[in-house]
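Observations on the three-dimensional arrangement
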Amino acid sequence: MASYEKVGAGDEAKVDDVELSVVVKGSHDLEESKSEGEGGERDAWGAKTEYMLALIGYAVGIGNIWRFPYLCHRYGGGSFLIPYIIMLFLLGIPLFCLETSLGQLTKKGAPGAFAAMHPAFRGIGFAAMVVDLICSYYYNSIIMWILRYFFSSFTLGTLPWAQCPQHNGGHVASAR
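Worth saying up front: this structure is predicted, and the values here are computed from it rather than measured.

Procedures and definitions
Residues numbered from 1 in each chain as written. Predicted model: local features only at pLDDT ≥ 70, side-chain atom pairs only at ≥ 80, totals over all residues. Heavy atoms only, no water. Helix = DSSP H or I, 4+ residues; strand = E, 2+ residues; numbered from the N terminus. Contact = heavy atoms within 4.5 Å. Areas by Shrake-Rupley, 256 points an atom, 1.4 Å probe, with all protein chains shown as cover. 1 Å grid on protein atoms, 1.4 Å probe; cavity = no way out; pocket = protein on both sides within 12 Å on 5 of 7 lines; lining within 4 Å. Points joined across faces, edges and corners; volume = space filled by probe spheres on them. Nonpolar A, V, L, I, M, F, W, Y, C, P; charged D, E, K, R; others polar. Phe/Tyr/Trp six-rings, centres within 6.5 Å; stacked < 30°, edge-to-face > 60°. Buried < 20%, exposed > 50% of the residue type's maximum accessible area, 1.4 Å probe, protein only. Lys NZ or Arg CZ within 6 Å of the ring centre and 35° of its normal. pLDDT = per-residue confidence, 0-100. Polar contact = N/O pair within 3.5 Å; in protein donor to acceptor, adjacent residues only side chain to side chain.

**Comments concerning the overall build of the protein**
The helix and strand tally for the protein stands at six helices and four strands. In sequence order, the secondary structure elements of the protein are arranged as β-β-α-α-α-α-α-α-β-β. Put simply, 27% of the contacts in the protein that link residues at least 6 apart link residues at least 24 apart. As displayed, the protein offers around 14300 Å² of accessible surface, 64% of which is attributable to carbon and sulfur atoms.

Quick look at the structure:
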């Protein structure tokens, strides 16, 4: 049967003839050891307000503002809010806090931050990057349509959406 001894910082103990040394680093030591091999310092937020505004801008996007009312209406109005709020508190907020705190702690990008927890978790960081890339394509296409219709509305001629589209001499049924 193994015998265990309580050891403090810098102490050495023998457990079944195996030497263990315990080293406890302070947060200052941890910061120094992380930035040593990076070749340069990363930028930091100027103020807490700047950081909070960036987080709000990251969390509240076009999808939240435009798609949420549609989803509420489609899936039952107010009854949709019950599972939405449950999942928000069970998964959404904890994962958001994990991602932001892990990024702040490690001062690395998504793959490096998750790899700091365990090297096998690096794939989670790459998956997050792919999802962000797909969302950026989606949002950019929406913004492009908005700009197209916005600038088209300043033309002096007939607007493309002023009349129902015609197909084979008749109006398209879905446009009425």
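**A few points about the environment of Met129**
Tracing the backbone through its elements, the reader meets Met129 in helix H6 (residues 122–152). Note: C-alpha distance between Met129 and Ala110 (19 residues apart in sequence) is 7.2 Å. The contact partners of Met129, leaving out residues within four places of it in the chain, are Ala110 and Pro111.

**Brief notes about the layout of surface pockets**
One number sums up the size of the largest pocket: a volume of about 1100 Å³. Around the largest pocket sit 28 residues that line it, and Tyr58, Ala59, Val60, Asn64 and Phe96 are the ones nearest its centre. For the lining of the largest pocket, the elements supplying multiple residues, two or more each, are helix H2 (48–59), helix H3 (62–74), helix H4 (78–106) and H6. Classifying every residue of the lining of the largest pocket gives 19 nonpolar, six polar and three charged.

**Let's talk about unusual backbone geometry**
Despite not being glycine, Lys107 shows a phi value in the positive range, around 55 degrees. Note on placement: Lys107 falls in the loop between H4 and helix H5 (110–117).

**Thoughts on the packing of aromatic side chains**
What describes a pair of aromatic rings is the distance from one ring centre to the other and the angle between the planes of the rings. Under the defined criterion, the tally for this structure stands at nine aromatic pairs. Considering the side-chain rings of Phe68 and Phe80, the 6.2 Å spacing of their centres and the 50 degrees angle between planes classify their relative orientation as tilted. With Phe68 in helix H3 and Phe80 in helix H4, this pair connects stretches of sequence that are twelve residues apart. A residue is classified by how much of its surface remains accessible, and Phe68, at 25% relative accessible area, is partly exposed. We classify Phe80 as buried; its relative accessible area is 17%. An aromatic cluster is defined as three or more aromatic residues linked by ring pairs; in this entry it consists of Phe68, Tyr75, Phe80 and Tyr84. Positioned above the aromatic ring of Tyr149, the side-chain terminus of Arg148 is 5.2 Å from the ring centre.

**Examining the confidence of the model for the protein**
Detailed reading of the predicted coordinates is not advisable wherever pLDDT is low. Across the protein, pLDDT averages 74, with 73% of residues at or above 70. Contacts for the low-pLDDT stretch residues 1–37, under 50 throughout, to residues beyond four places or in other chains number 30 contacts.

**Section: the side chain of Thr100**
Summarising the element assignment, Thr100 is placed in helix H4. The class for Thr100 is buried, based on a relative accessible area of 17%. In terms of polar contacts, Thr100 uses its side chain to reach the backbone carbonyl oxygen of Cys97, at 3.2 Å. Filtering out sequence-adjacent residues up to four positions away, Thr100 remains in contact with Tyr51 and Leu55.

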